[in-house]
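# Chains, contacts and geometry: an overview
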Amino acid sequence: MSSLLQISDLKVHFPVRTGRFGGSQSVVKAVDGVSIRIEQNETVAIVGESGCGKSTTGNAVLGLAPVTAGRIEFQGQDLASLNAKGRRDVWRDLQVIFQDPVSALNPRRTIAQSIAEPLQIHGHDERQIEARVDELMGLVGLNPDQRDRRPGALSGGQRQRVVIARALALSPKLIICDEPVSALDVSIQSQILNLLMRLQRELGLSYLFIAHDLSVVRHIADRVAVMYLGMVVEEGPAATVFANPVHPYTEALLSAIPLPDPALRHSRRKIVLEGDLPSPMNPPSGCPFVTRCPLAEPACAEARPALEAVSAQHFARCRVRVPITRESQDC
Amino acid sequence: MSLLAIDDLAIGAADLSLVDGVTLSVEPGEVVALVGESGSGKSLTALSIMGLLADGLQRQRGSIEFDGVDLTQLADEQLRSLRGAELAMIFQEPVSSLNPLAAVGDQVAESLIVHGRSSVADAGREAIDMLRRVGIPEPERRARQLPTELSGGMCQRVMIAAALISRPRLLIADEPTTALDVTIQAQILALMSALAEEANTAILLITHDMGVVAEMADKVCVMYGGRVVEQGPVEALFATPRHPYTNMLLKTIPRLDEEPGQELFAIPGNVPSPRDWPVGCRFRTRCDRADETCAERPALTGQLHQVACHHALRGDA
């Protein structure tokens, strides 16, 4: 049976003009060979730092970024092969929640109007819409009395609930959540995460969860893919990746999270990486992490390592930690 | 004597109270974290120390003593002579806080020149040295570049270099790593600690991230609704939080050692806007311990570990 979403060897390359008068052209390889699979009722998280390509991957699935190469299949259908009608049918099942609920909502529309919009576009009649909006507001924990309010009268957490209600309007199967809680106050973040987990249980949803906050990801994700400079460097069940990270970048990322426990301040081993992320316009040769890796060897700069199996479900792209002996796997 | 002693500070606009009676102190060389969510008044408190409140906002009462001198009584001229020399500040957005049209080396050197501590030529050399110490590769070349030619992490290093070059006695850091990636955050926090320790610079660190607090602070001051609700030594505050808000805030953080998929602890309700703050304790509308006594404002009581709550949790005090 095919997966709900299958991204195979996705590449998104953007041409950029460089040079003093924009005379020369080069290419930013924002996403460079990413493969990710999501099953029904599953949460897969993509984590990584700014510029790693995690949001561009989500945008490519949504048709908001041009696909240079590779395939994106949703429910067995290649998204690139669809005509306008076919694409619109797919949008019913595929929705998105962005980071900033303020800019995601039209300030002049009431909450009810914003939530109703996808239903109107898909031709539901007014009576149905009215009832469905009330139902959706209840589902996300908004009081139906607030239906005529405008976003300006709501708090950040309430606005994000409106965005979630709108995403749920057409009963989608997959929601791409791009940093859904990072703009919210700490005391509100867990309310929204709990809501997302409850909706998944009740509605059988799948999430592609894009985030930089690893403690949030560990809590909500079934599987996690760690991206660096447009590539997945490690992928596996969230519990395994967090407990036994294999790639040195994953290790550094985990050790850099400040833990809310002052007693660990001196006892905890911290890996502080040197230097900045290389520019995706001018990535290093070989392994993308070679310029900052504490384990780098000269051979690492020669060829890009393949994503090798660490165990049946767990893959990493590192020639030092996962020497190429096992059969090479690229998913 | 404390290096910084804020007493009963209140800030607001004409008919609006935003900070209401903040009292806190910072000792020489100490790292004090000022923690709170948006609207708690933490950034306004910091800006008022620097005399940088936006137009329309003013100090309504209270004093801010720095090294025994009440900053609120100083003329602009006198405050300017302290700012950048004795008192320095770094902001959340490094890119927008730097002048986009000036070479970063000149911006780092500026405070030395303005305060007449070095000649222009010496200041330029010191700036390059400072850029090297904050970990900027090829500082001679980088010093001539514009902020737009540097990454966000580099710009934050430049701001730290500019803030610390005159060896201030107090550094106010307002969410200094919030806009940065976690591996860069780890670098910047380590750098700030090392440089501050070397020059015995005290840090007032404003943040919403309890993880950053636990790693950096000696003392923590928790704000909610424009007031200090709890303050104390970092170990005590994390081990035995006494205010229900602090306790809940610590419980909401998803921990790396907790069972995934379980419902997270959530504080009920929303952060109220300043116009909707309840009378008395401002947390009482979201608090599970609240009763009618909470309609009266609780005082901040205690010695080292202080709490403002009629029904404080049992602690170590």
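In case you missed it, the structure is sitting above this.
Here the structure is a predicted model, which means the values were calculated and not measured. (Residues numbered from 1 in each chain as written. Chains lettered and ligands numbered in written order. Predicted model: local features only at pLDDT ≥ 70, side-chain atom pairs only at ≥ 80, totals over all residues. Heavy atoms only, no water.)

Tallying secondary structure elements over chain A gives 10 helices and 12 strands in all. Rg of the C-alpha trace for chain A: 21 Å, near the compact-globule value of 20 Å for 331 residues, within the 12% margin. Principal-axis analysis of the C-alpha atoms places the extent of chain A at approximately 65 × 55 × 50 Å. Across the 331 residues of chain A, 55% fall into the buried class. Put simply, of all contacts in chain A between residues at least 6 apart along the chain, 63% involve residues at least 24 apart. For chain A, the accessible surface area stands at approximately 14,500 Å², while carbon and sulfur atoms represent 49% of it. (Helix = DSSP H or I, 4+ residues; strand = E, 2+ residues; numbered from the N terminus. Rg over C-alpha atoms; globule rule 2.2 N^0.38 Å. Buried < 20%, exposed > 50% of the residue type's maximum accessible area, 1.4 Å probe, protein only. Contact = heavy atoms within 4.5 Å. Areas by Shrake-Rupley, 256 points an atom, 1.4 Å probe, with all protein chains shown as cover.)

Looking only at helices and strands, one finds 11 helices and 11 strands in chain B. On C-alpha atoms alone, chain B measures out to a radius of gyration of 20 Å, which is about the 20 Å that the 2.2 N^0.38 rule sets for 317 residues. C-alpha extents for chain B along the principal axes are approximately 65 × 50 × 35 Å. Scored against the burial criterion, the 317 residues of chain B give a buried share of 53%. When contacts within chain B are restricted to residue pairs at least 6 apart in sequence, those whose partners lie at least 24 apart make up 66%. Here chain B displays about 13,300 Å² of accessible surface, and carbon together with sulfur accounts for 49% of that area. When the 27 positive and 43 negative side-chain charges of chain B are each reduced to one mean point, those points stand 1 Å apart. (Lys, Arg positive; Asp, Glu negative; His and termini not counted. Charge placed at Lys NZ, Arg CZ, Asp CG, Glu CD.)

Glancing now at the packing of helix α4 (residues 104-114) of chain B against helix α7 (residues 152-164) of chain B. Residues and elements named next belong to chain B. Relative to each other, α4 and α7 sit at 25°, their axes nearing to 7 Å. Between α4 and α7, the angle is such that the two are roughly parallel. You can see that α4 and α7 cross each other, and the crossing is right-handed. Where α4 abuts α7, its residues Val104, Gln107, Val108 and Ser111 lie against Val158, Ala161 and Ala162. Of the residues belonging to the contact of α4 with α7, the class tally is 5 nonpolar, 2 polar and no charged. (Axes fitted to C-alpha atoms, helices over the stretch in contact; angles between N-to-C directions. Parallel < 35°, antiparallel > 145°, perpendicular 65-115°, else oblique. Left-handed = near helix turned anticlockwise from the far one by under 90°. Nonpolar A, V, L, I, M, F, W, Y, C, P; charged D, E, K, R; others polar.)

Judged by nonpolar contacts, the single largest core of 69 residues is most densely connected at Ile164, Phe209 and Val217 of chain A. Once residues lying within four places of it in the same chain are set aside, the contact partners of Ile164 of chain A are Ile97, Val140, Ile192, Leu195, Leu196 and Leu199 of chain A. Grouped together as the second largest cluster of nonpolar side chains are 39 residues, Leu112, Val158, Ile165 and Leu195 of chain B included. (Core = buried A, V, L, I, M, F, W, Y, C linked by side-chain atoms within 4.5 Å.)

The strands that make up a sheet are held in pairs by hydrogen bonds between backbone atoms, and each pair lies either parallel or antiparallel. Residues and elements named next belong to chain B. Taken in spatial order, the 7 strands of this open sheet run β6-β7-β8-β3-β9-β10-β11, and their pairing is mixed. Of all the strands in the sheet, the pair left with one neighbour each is β6 (87-90) and β11 (306-307). Where strand β3 (residues 31-35) meets strand β8 (residues 202-207), 5 bridges bridge the pair, whose relative direction is parallel. When the sheet's bridge partners are listed, Val35 is paired in β8 with Thr207. (Pairing = 2+ DSSP bridges.)

Residues and elements named next belong to chain A. Contact geometry for helix α4 (residues 111-121) and helix α6 (residues 156-168): axes closest at 7 Å, N-to-C directions at 25°. Between α4 and α6, the angle falls in the class roughly parallel. With respect to the hand of their crossing, α4 and α6 are arranged in right-handed fashion. In contact with Ile111, Ser114, Ile115 and Pro118 of α4, α6 contributes Val162, Ala165 and Arg166. Here the residues of the contact of α4 with α6 are counted per class, giving 5 nonpolar, 1 polar and 1 charged.

Attention now moves to the side chain of Arg223 of chain A. Residue and element names in this part refer to chain A. Structurally, the position occupied by Arg223 is in strand β9 (residues 223-228). A residue is classified by how much of its surface remains accessible, and Arg223, at 10% relative accessible area, is buried. A polar atom in the side chain of Arg223 sits 2.5 Å from the backbone oxygen of Arg37. In this structure the side chain of Arg223 is engaged in a polar contact, spanning 2.6 Å, whose partner is the side chain of Glu235. What Arg223 contacts, discounting residues up to four positions off in sequence, is Arg37, Ile38, Glu42, Thr43, Val44, Ala45, Glu235, Gly236, Pro237 and Ala238. (Polar contact = N/O pair within 3.5 Å; in protein donor to acceptor, adjacent residues only side chain to side chain.)

We now examine the sheet that holds strand β5 (residues 77-78) of chain A. Residue and element names in this part refer to chain A. Ordered by their spatial adjacency, 4 strands build an open sheet running β2-β1-β4-β5, and the pairing between neighbours is antiparallel. Unpaired on one side and paired on the other, β2 (24-38) and β5 mark the two borders of the sheet. Where strand β1 (residues 5-18) and β2 come together, 12 bridges link them in antiparallel fashion. When the bridges of β2 are listed, Lys11 appears paired with Asp32. Strands β1, β2 and β4 (69-74) of the sheet are contacted by helix α1 (residues 54-61), whose axis makes an angle of about 110° with β1.

On the side of chain B, 47 residues touch chain A, which itself brings 37 residues to the contact. Here chain A packs against chain B, burying approximately 3,600 Å² in sum over the two surfaces, 54% of which is carbon and sulfur. Broken down residue by residue, the surface that chain A buries against chain B is led by Arg218, His219 and Pro260 of chain A, which jointly contribute 18%. On the surface where chain A and chain B come into contact, there are 2 salt bridges. As a salt-bridge pair, Glu215 of chain B and Arg268 of chain A come within 3.2 Å of each other at their nearest N and O atoms. Run the count over chain A and chain B and you get 18 residue pairs in polar contact (both at pLDDT 80 or more). Elements with a contribution of two residues or more to the side of chain A that touches chain B: α7 (186-203), α8 (214-220) and α10 (248-255) of chain A. Of the residues forming the side of chain A that touches chain B, the biggest block, 8 residues, is contributed by α7 of chain A. (Buried area = accessible area lost by both parts, 1.4 Å probe. Salt bridge = Lys/Arg side-chain N within 4 Å of Asp/Glu carboxyl O.)

On to the side chain of Asp174 of chain B. All names here are of chain B. By secondary structure assignment, the location of Asp174 is in strand β7 (residues 170-174). Buried within the structure, Asp174 lacks any salt-bridge partner; its nearest side chain of opposite charge belongs to Lys42, at an N-O separation of 6.3 Å. A polar contact of 3.1 Å, which involves the side chain of Asp174, links it to the side chain of Ser43. Ignoring sequence-local partners within four residues, the contact set of Asp174 consists of Ser43, Met89, Ile90, Phe91, Gln92 and Ile206.

Residues and elements named next belong to chain B. Counting across every chain of the model gives 34 salt bridges over all chains. Here Glu30 makes a salt bridge to Lys219, at a shortest N to O gap of 3.6 Å. Of this pair, Glu30 sits in the loop between β2 (16-26) and β3 while Lys219 sits in strand β9 (residues 219-224); the two residues are 189 residues apart in sequence, bridging distant segments of the chain. Per residue, the accessibility class of Glu30 equals that of Lys219, and both read buried.

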